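What follows is the residue order along each chain.
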Amino acid sequence: MKWPICRLRGFLGWAGAVAGAAVVGACATVVEPVTSREWKTRASELSQGRIVEIDGKRVQRRYPVFGAPTNFEDWPTYATGSKTYFPPQKAQFPAHLKGDPKRGHELLKNSAKGPCTACHVIPDATVWPAGNVGPDLRAIGARGISDEFLYQVIWDPRVFYGEETPMAPFGASGMWTPQEIMDAVAYLQSLKGNPPGQPEKVTDDKQWDPRTRDVVRPEYGDPLDPTANPGVALTEAIAVPLWSQTGPKGRSCADCHGAIGAPDEKRTLGVIKSMVGVATRYPKWFGQYRRMMSIEDFLAVHAPETTGIELPTQADANMTMSILIKMQSYDMPYALDLKNPNVQAAIKRGEELFKRRVGQRGQACMHCHTERGGGRKFLGGRFLADVEKDPMVNHPYWRTNWNQLIDIRMRFQWCMTPLRANMLPGDAPEYADLETYLVAKQTQRGDRLQVPRLAH
Ligand code: HEC
Ligand code: HEC
Ligand code: HEC
């Protein structure tokens, strides 16, 4: 009975299998995963995204580097069972409103309002290097496009460009008022170009302009730079002694997994033989917890269970211990267990999440990290990774401009902030599914695991 039904799932595809939940239930090898609503989070305090009341207002707490607390709980999130984003919506053109091009210009640059200049070039050098996810708008007013069309694009670009457009429905989502959009339209129509019809030159620095730039990927400094990496120093200071520290339960990691030996060329803080290659197989399916777990997720459960020491995710102790363990697999190819049906199911869920619109802005990971989205282009001065080509899961690493470690879940949480979306706790099972989807790509490509280490 088991085999044919599991086979059937393959024939029906995932959508068919979900529709026939009873069929999945009968397939003994695929287990219904736990959700973030059921999972008791072991994330560190600020990573939990708890909703609290401040001055009578419900807000979601977050890391100070993400800005002030916010709340977008009325919009879709990555939580299982979250509502879906509204469908494309045609605008009513407000012909009676008159646009002010000066106000429109300010609105286009306003970082709280878009910013449109994160993706589009206008004759202003404020975003560095200029965004090029969307078309250059420096001469859009010379093209004879109707006001109504421009209005409609800003109201909800999905009407013209389909669900895959990376541009958000700024009007339909309520982020821009009809008057503001009319102001933007008036400004756009004033951009005639110089010479007319041609994008005008804005600065002498050819790296600013997407048309003259000669680098594709900027060298901002490698977050994995082995020569001067505070992340390694922190790992040496925290995780190395922690490995042999006896916890309240009378055991240390070293008691069960062996001591840290002499370093070699790749495992520059010392070799732990039992851990060599382990991290390449994560995220891993744990039947007893009914979920995928990254090394970080697993340690948050395993350390207190075995040693009595708490290792909440996104805390330095967890991230440095994860680095120490991942370092044991440095430069080894990712080896996700692609044959495991529970891993396969997680990859499917992760792919669905990768394409799910979240937040008021209603964008998905795919709207920034695929070729059709912004992948390998510049958004807000940042180079966007393309999930099909670029390694995305080489975390944790030291983030110089924050002066702290960042792991992949903080990265997911951070990517949600401009979308006006509430984040999930860092150790949410849904985030583990997303991570599994990314690691599956890296496994299929033969990418090798990277983490901070010392110079050799
Ligand atoms: C995340 C990137 C992104 C942001 C932010 C963004 N856009 Fe766009 N925009 C695009 C892309 C990409 C297109 C082209 C359509 C496509 O490929 O889906 C586009 C198309 C347009 C067009 C039509 C251009 C043409 O050549 O026909 C206009 C006008 C426009 N955007 C204005 C705006 C305004 C105004 C804002 C701010 C409210 C904005 N965009 C914010 C990505 C973006
Ligand atoms: C009492 C013994 C014991 C202690 C103490 C202990 N572990 Fe474990 N550990 C185990 C066992 C047994 C497993 C295998 C569990 C499983 O696969 O479900 C394991 C699994 C692991 C794994 C995953 C290995 C894999 O192949 O997937 C990691 C990583 C790990 N432990 C790290 C640690 C760290 C870090 C500490 C200290 C905070 C620690 N362990 C403390 C017994 C222990
Ligand atoms: C609105 C665009 C946008 C969306 C949507 C978005 N990201 Fe990002 N993401 C970025 C930007 C910009 C960066 C680079 C920022 C930097 O390095 O400072 C980035 C970086 C990353 C990185 C690190 C890549 C690297 O090269 O180090 C990962 C991983 C990532 N995003 C995953 C995701 C996932 C998963 C989602 C969906 C849950 C997502 N992002 C949604 C804009 C976005």
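Since this is a predicted model, take the numbers as computed values, not measurements.

Chemist: Where do I start with the coordination of the iron atom of ligand 1 in this structure?
Modeler: Tetrahedral coordination by four donors sets the ideal angle at the metal to 109.5 degrees; octahedral coordination by six donors sets it to 90 or 180 degrees. All of the protein donors around the iron atom of ligand 1 are H120 (NE2) and M167 (SD); their distances to the metal are 2.0 to 2.1 Å. For the iron atom of ligand 1, the 6 donor atoms in the first shell make angles of 85 to 177° at the metal, so the coordination geometry reads as octahedral. With H120 in the loop between α3 (101-109) and α4 (147-155) and M167 in the loop between α5 (158-161) and α6 (178-190), this residue pair connects regions lying 47 residues apart in the sequence. Judged by relative accessible area, which is 14%, H120 ranks as buried.

Chemist: Hey, could you run me through the domain arrangement of the protein in this one?
Modeler: One widely used convention gives an interface's size as the accessible area the parts lose upon coming together. Domain parsing of the protein yields domain 1 (87-214) and domain 2 (230-327). Each of domain 1 and domain 2 has a C-alpha centre, and these two points are 48 Å apart.

Chemist: In this structure, what is going on with the pattern of salt bridges? I would like to understand it.
Modeler: Side-chain pairing between opposite charges can occur once the charged atoms of the two side chains come close. Counted under the stated rule, the structure contains 26 salt bridges. Between D204 and K201 there is a salt bridge, and its shortest N-O distance comes to 3.0 Å. Residue classification places D204 among the exposed positions, given a relative accessible area of 71%. We classify K201 as exposed; its relative accessible area is 63%.

Chemist: Just checking my understanding: could you explain the site of ligand 2 for this structure?
Modeler: Near ligand 2, the surroundings consist of 19 residues, among which C253, C256, H257, Y282 and H302 are the closest. Taking H257, its side chain carries an N or O atom lying 2.8 Å from a nitrogen atom of ligand 2. Side-chain polar atom of Y282 to an oxygen atom of ligand 2: 2.5 Å apart, as the coordinates give it. Looking at the shell around ligand 2, the elements that each hand over two or more residues are α8 (253-257), α9 (295-306) and α10 (316-327). Sort the elements by how many residues they give to the shell around ligand 2 and α9 lands first, with 5 residues. Classifying every residue of the shell around ligand 2 by side-chain character gives 11 nonpolar, 6 polar and 2 charged.

Chemist: Help me understand unusual backbone geometry in this model?
Modeler: Trans is the common state for peptide bonds, and a negative phi is the common state for residues other than glycine. Following G114, the chain continues into P115 via a peptide bond in cis, with omega recorded as -20°. Put simply, N194 and P195 share a cis peptide bond, and its omega is -5°. Note on placement: P195 falls in the loop between α6 and α7 (230-243). Here Q314, not a glycine, exhibits a phi torsion of approximately 70°, which is positive. You can see Q314 is positioned in the loop between α9 and α10. With relative accessibility at 7%, the residue Q314 sits in the buried group. Positive phi, normally seen in glycine, also occurs at N403, with a value near 60°. Tracing the chain through its elements places N403 in the loop between β7 (397-399) and β8 (404-406). Judged by its relative accessible area of 57%, N403 falls in the exposed class.

Chemist: Please explain the packing of aromatic side chains as it appears in this structure.
Modeler: Within a pair of aromatic rings, the relevant descriptors are the distance that separates the centres and the angle that separates the planes. A complete count under the given rule lists 19 aromatic pairs for this structure. Aromatic side chains W75 and Y85 sit 6.0 Å apart centroid to centroid with 40° between the ring planes, which places their arrangement in the tilted category. Highlighted residues: W75 in the loop between β2 (57-60) and α3 and Y85 in the loop between β2 and α3, separated in sequence by 10 residues. Given a relative accessible area of 23%, W75 falls into the partly exposed group. By relative accessible area, which is 10% here, Y85 ends up buried. An angle of 45° between the planes, with centres 6.3 Å apart, marks the rings of Y282 and F286 as tilted. A relative accessible area of 9% places F286 in the buried class.

Cut-offs applied
- Residues numbered from 1 in each chain as written.
- Chains lettered and ligands numbered in written order.
- Predicted model: local features only at pLDDT ≥ 70, side-chain atom pairs only at ≥ 80, totals over all residues.
- Heavy atoms only, no water.
- Donors = N, O, S within 2.8 Å, 3.2 Å for Na, K, Ca; no water.
- Tetrahedral: all angles 85-135°; square planar, octahedral: opposite > 155°, others 65-115°.
- Helix = DSSP H or I, 4+ residues; strand = E, 2+ residues; numbered from the N terminus.
- Buried < 20%, exposed > 50% of the residue type's maximum accessible area, 1.4 Å probe, protein only.
- Domains from an automatic or database assignment.
- Salt bridge = Lys/Arg side-chain N within 4 Å of Asp/Glu carboxyl O.
- Near = heavy atom within 4 Å.
- Polar contact = N/O pair within 3.5 Å; in protein donor to acceptor, adjacent residues only side chain to side chain.
- Nonpolar A, V, L, I, M, F, W, Y, C, P; charged D, E, K, R; others polar.
- Phe/Tyr/Trp six-rings, centres within 6.5 Å; stacked < 30°, edge-to-face > 60°.

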